[in-house]
Amino acid sequence: MSLETNVLFRTACEHRKALDNKEYTSLELTEAVLEQIDGHDASVGAFLTVDAEGACASARESDRRRESGAVLSPLDGIPYGVKDNFCTKDLRTTCASRMLERFIPPYDATAVAKLRGAGAVLLGKQNMDEFAMGSSTEHSALQETRNPHHHAFVAGGSSGGSAAAVASGMGCFALGSDTGGSVRQPASFCGVYGLKPTYGAISRYGVIEMATSLDSVGIFSRSIDDCMTVFDVLAGQDPLDATSCAKGSLEFAARPLRIAIPDCFGDGVLAPSVAKALEKAQDVLAEHGATFETVALPSPEQALAAYSVLVSAECASNLARFDGIRYGSSKEGDGSLRSRYEQTRAYGFGDEVKRRILFGAYVLQSDQRTDFYERAREVRRHVKRGFLHLFSKYDLLLCPTTPHTAFKRGSVQTPEEMYRADLCTVYANLAGVPAISVPFGKNADGMPVSVQLTAGFFGEKLLFHAARMLEAECPREVMLPLLEKEVR
Amino acid sequence: MELSLKEIETLGRVCAIAFQNEEETEKIRRELEGMRRYALVLREPLREFDPFEQDGEEETVWREDQAQEGLAREVLLANAPVTEGDYIVVSRTVEA
C-alpha cells in the first residue's frame, strides 16, 4: 500500500492512532517517508545519511510488537531523524565537517538510545552548520540545506536539516541541538515547533559538544502534543551526563498567565509580519485571561557579545581534540607532528569553525582574558540574575523567535550580521531557561513567521500550556510548505 | 589597537591551524578584528535590570497598625523546655 502525501504531514500522535487502528503499518509509514526523502531531498538537502535498511528493520520490529500487544511507548513505530552531531551506533556521524566525514561511532547518544528504547524508527542523520556553528546551514562542509517553503531562502541553523525535514514530511519529528537558538531559529524559518528545554533537562551524552555550558538537546515537531510526547520520553537524569536533572511533571493546572514583553523591539527592529504576529499572539493569550507588562531585558547588546565570546572560548577548547591523531581525519604535512596537526585542522575545518577557534583562543589569552572572557561571564551572571527576577514575577516572556523571517541564501555577509540575528534566542541559553518557537502564520511571500515563549527553570509545562493556546489559532495546514513548487 | 598579522600568526600556532598564504592570514585578521570590535561593547556599563521597577501603577498596600494582646507569661514559659523562675534557660554559647 502506498500512502498519500498528505498522510506524511500528520503529527506523530495522529500516526500513533492510525497505527493502533491498523489504518497502516509502521513499515508502510516508514517506506512512505523514505519515498518522500527520495523524491524531495535532492532539492531540500535535509539529510546527510539515510539508513533505509535500518529504518525498515526497526519498523518491522515495531509492527511485530504492535501485533503482539507489546507496544513500547507512544513513539513506537514513528519515523524520525537526528542532527548529525548526535552519535549513532554504527551510523556515520559527521557534524557536517570534513574532519569527521568517515566517523562511525561505536555507541548511541543517550537521547538516541532512549528513542530506540521507545521503539521510534531512526531514518538517518540530518544536515547542520559545521560543528553547529552558524545560523543558516550554509556552513555545512558537505551540502547546503534549502528552506522547503522557498528554495531561494535558508532553512536557518545550525539544525537546518532537522527543521527542513520535519517541515517537508521527511520524518514526524527530529532532534537538534540548541546553543544560541540553533533549534528555535530554524524551526521558525521552516514553520515547525522548536523546543529548547531547560539546561540539563535532556542528557547531552553522545552529542558532540560545541559550547558545553550552553548546549541543550532540542526537539522539532509538527504539534505541541508531539513535542510534549518526545520531551516526556527524553527528559530525565542520566548517570553519563553530570549536568542532567531529574524529570518533573508536565501537568499544569490552568490559571491566568502573567506575561512579560521585552521593550527592546523599537521601530524598525522587527519585520512588519513578525511584529504583527507578536500582536496577534498577545491578543490570543489575552483572550485566555493572560495579562501583559513591558519589561527591560538585561543589556541586550552586551548579552549578544557575551554569548559570542563564551561560545568561541568553549569551541576553541572543545575542538582542540580534533587533531587527526586523537580524533578526526588526518592530513600529512611536511613529516613533522606539528605540521600534521596544522594541516589536518586547516583542511578539516571550514572558515566559520576556524574563525571561532581563533577568536576563542584570542579572548582566552592572558592579556585579553579579563576584558573579554571574564567580562562575558560577568554579563552572563547579570543575565541569569535578571531572568530569575523576571520569572519570580511573570510566568512567561513573549517575544519573536527572530526579528525577521528566513533570509535569502548568501545574503548575510559578515559574522557580526549573523550573530545579531540571534538577539531573541541567546538569552534562554545564557540563563539556562526553556523556550519554544511557535509557528504563527506566514508573511506575504509565504514564508513562516513565529513567536517565542520563554519560561523559568523547568517551566516546560507552562510553555506547552501557552503554546497550545496559540496552536489552536494557527492550524497546521496553514504552515505546510508548497512542495510542488520546488523552485519559485 | 587593531589586531596585527603577527598576532594572527601566533594565534594560528596556538590553535594548530595553518594558513595557506598571506592573503588568507589577512582575511582572517580582518574578520577577527570585526569580531573583536563587536565584543568591545562588553566594556560598557550593564543596564540595570529590575522588573519590579516598572510597576509604576502598582502601590504597596499597607494596613493600619492594630494593638493586640500578647501571649501570657505562663503560656510562653509552659512552652519552654527548661525554665528558672520567670526566665527561659538556654545553653551557654560563649565561655566566660
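Remember, it's a predicted structure, so these values are computed and weren't measured experimentally. (Residues numbered from 1 in each chain as written. Chains lettered and ligands numbered in written order. Predicted model: local features only at pLDDT ≥ 70, side-chain atom pairs only at ≥ 80, totals over all residues. Heavy atoms only, no water.)

**Some points on the overall build of chain A**
Helices and strands together make up the secondary structure of chain A, namely 16 helices and 11 strands. Its C-alpha radius of gyration of 21 Å places chain A within 12% of the 23 Å reference for a compact globule of 488 residues. In terms of overall dimensions, chain A has C-alpha extents of about 65 × 60 × 50 Å along its principal axes. Looking at chain A as a whole, 64% of its 488 residues are labelled buried. (Helix = DSSP H or I, 4+ residues; strand = E, 2+ residues; numbered from the N terminus. Rg over C-alpha atoms; globule rule 2.2 N^0.38 Å. Buried < 20%, exposed > 50% of the residue type's maximum accessible area, 1.4 Å probe, protein only.)

**Side note on unusual backbone geometry**
All names here are of chain A. Cis rather than trans, the peptide bond between G157 and S158 has omega equal to 10°. With respect to the helices, strands and loops of the structure, S158 is situated in the loop between β3 (121-126) and α5 (160-167). Even without glycine at this site, A96 takes up a positive phi of about 55°. Here A96 shows up in the loop between β2 (79-83) and α4 (110-117). For S299, which is not a glycine, the phi torsion comes out positive at approximately 40°. Mapped onto the elements of the fold, S299 is located in the loop between β8 (291-295) and α9 (300-318).

**So, the interface of chain B and chain A**
Contacts between the two partners involve 34 residues from chain B, matched on the other side by 48 residues from chain A. Across the chain B to chain A interface the summed buried area is about 3900 Å²; carbon plus sulfur atoms make up 64%. A salt bridge links B:R43 to A:D371; the nearest nitrogen and oxygen atoms lie 2.9 Å apart. For the pair chain B and chain A, the number of links is 10 residue pairs in polar contact (both at pLDDT 80 or more). Secondary-structure elements contributing two or more residues to the side of chain B that touches chain A are α1 (5-14) and α2 (22-39) of chain B. The leading source of residues in the side of chain B that touches chain A is α2(B), at 10 residues. When the residues that make up the side of chain B that touches chain A are grouped by side-chain class, the tally is 20 nonpolar, 4 polar and 10 charged. (Contact = heavy atoms within 4.5 Å. Buried area = accessible area lost by both parts, 1.4 Å probe. Salt bridge = Lys/Arg side-chain N within 4 Å of Asp/Glu carboxyl O. Polar contact = N/O pair within 3.5 Å; in protein donor to acceptor, adjacent residues only side chain to side chain. Nonpolar A, V, L, I, M, F, W, Y, C, P; charged D, E, K, R; others polar.)

**Here's the deal with empty space enclosed by the protein**
Residues and elements named next belong to chain A. The tally for this structure, following the rule as stated, stands at 5 cavities of 30 Å³ or more. Here the largest cavity defines a volume of roughly 140 Å³. Around the largest cavity, the lining is made up of 17 residues, and of these G191, R222, P439, R476 and M479 lie nearest the centre. Looking at the lining of the largest cavity, the elements that each hand over two or more residues are α5 and α16 (476-479). Along the lines of polarity and charge, the residues of the lining of the largest cavity split into 11 nonpolar, 3 polar and 3 charged. Computed from the structure, the second largest cavity encloses a volume of approximately 100 Å³. Looking at side-chain class alone, the lining of the second largest cavity contains 4 nonpolar, 8 polar and 2 charged residues. (1 Å grid on protein atoms, 1.4 Å probe; cavity = no way out; pocket = protein on both sides within 12 Å on 5 of 7 lines; lining within 4 Å. Points joined across faces, edges and corners; volume = space filled by probe spheres on them.)

**Description of the pairing of strand β10 (residues 435-442) of chain A**
Residues and elements named next belong to chain A. Counting buried positions over the 8 residues of β10 gives 7, a clear majority of the element. Sheet analysis places strand β5 (residues 193-196) next to β10, joined by 3 bridges and oriented antiparallel. Bridging across to β10, G194 finds its partner in S437. (Pairing = 2+ DSSP bridges.)

**Overview of the confidence of the model for chain A**
Looking at chain A as a whole, the pLDDT averages 94, with 98% of positions reaching at least 70. Across residues 484-488 of chain A, confidence stays below pLDDT 50; counting only partners more than four residues off in sequence or on other chains, it has 8 contacts. (pLDDT = per-residue confidence, 0-100.)

**Focus: the sheet that holds β2(A)**
Residues and elements named next belong to chain A. Strand order in this open sheet of 11 strands is β1-β3-β2-β4-β6-β5-β10-β11-β9-β7-β8, and the pairing throughout is mixed. At either margin of the open sheet sits one strand with a lone partner, and together these are β1 (47-50) and β8. Within the sheet, the average angular offset between the axes of one strand and its neighbour, ignoring direction, is 25°. Where strand β7 (residues 258-262) meets β8, 5 bridges bridge the pair, whose relative direction is parallel. Residue pairing for β8: P262 is matched across the bridge by V295. (Axes fitted to C-alpha atoms, helices over the stretch in contact; angles between N-to-C directions.)

**With respect to the layout of surface pockets**
Here the largest pocket defines a volume of roughly 470 Å³. What lines the largest pocket is a set of 27 residues, and nearest its centre among them are A:Y107, A:V207, A:I208, A:E209 and A:R321.

**Considering the packing of aromatic side chains**
All names here are of chain A. What the rule picks out here adds up to 11 aromatic pairs over all chains. Each ring, one from F131 and one from F349, has its centre 5.8 Å from the other, and the planes form 75°; the classification is edge-to-face. Of this pair, F131 sits in the loop between β3 and α5 while F349 sits in the loop between α10 (337-348) and α11 (351-364), placing them 218 residues apart in sequence. F349 matches F131 in its accessibility class, with the two residues each being buried. Between F387 and Y427, the aromatic rings sit 5.6 Å apart at their centres with planes inclined by 25°, giving stacked as the arrangement. Highlighted residues: F387 in helix α12 (residues 370-393) and Y427 in helix α14 (residues 426-431), separated in sequence by 40 residues. When sorted by exposure, F387 lands in the same class as Y427, which is buried. Grouped by ring-pair contacts, the aromatic residues F131, F322, Y327 and F349 constitute a single cluster. Sitting above the plane of the Y347 ring, R98 keeps its charged end 4.7 Å from the centroid. Sitting over the face of the ring of F440, K280 holds its NZ or CZ atom 5.2 Å from the ring centroid. (Phe/Tyr/Trp six-rings, centres within 6.5 Å; stacked < 30°, edge-to-face > 60°. Lys NZ or Arg CZ within 6 Å of the ring centre and 35° of its normal.)

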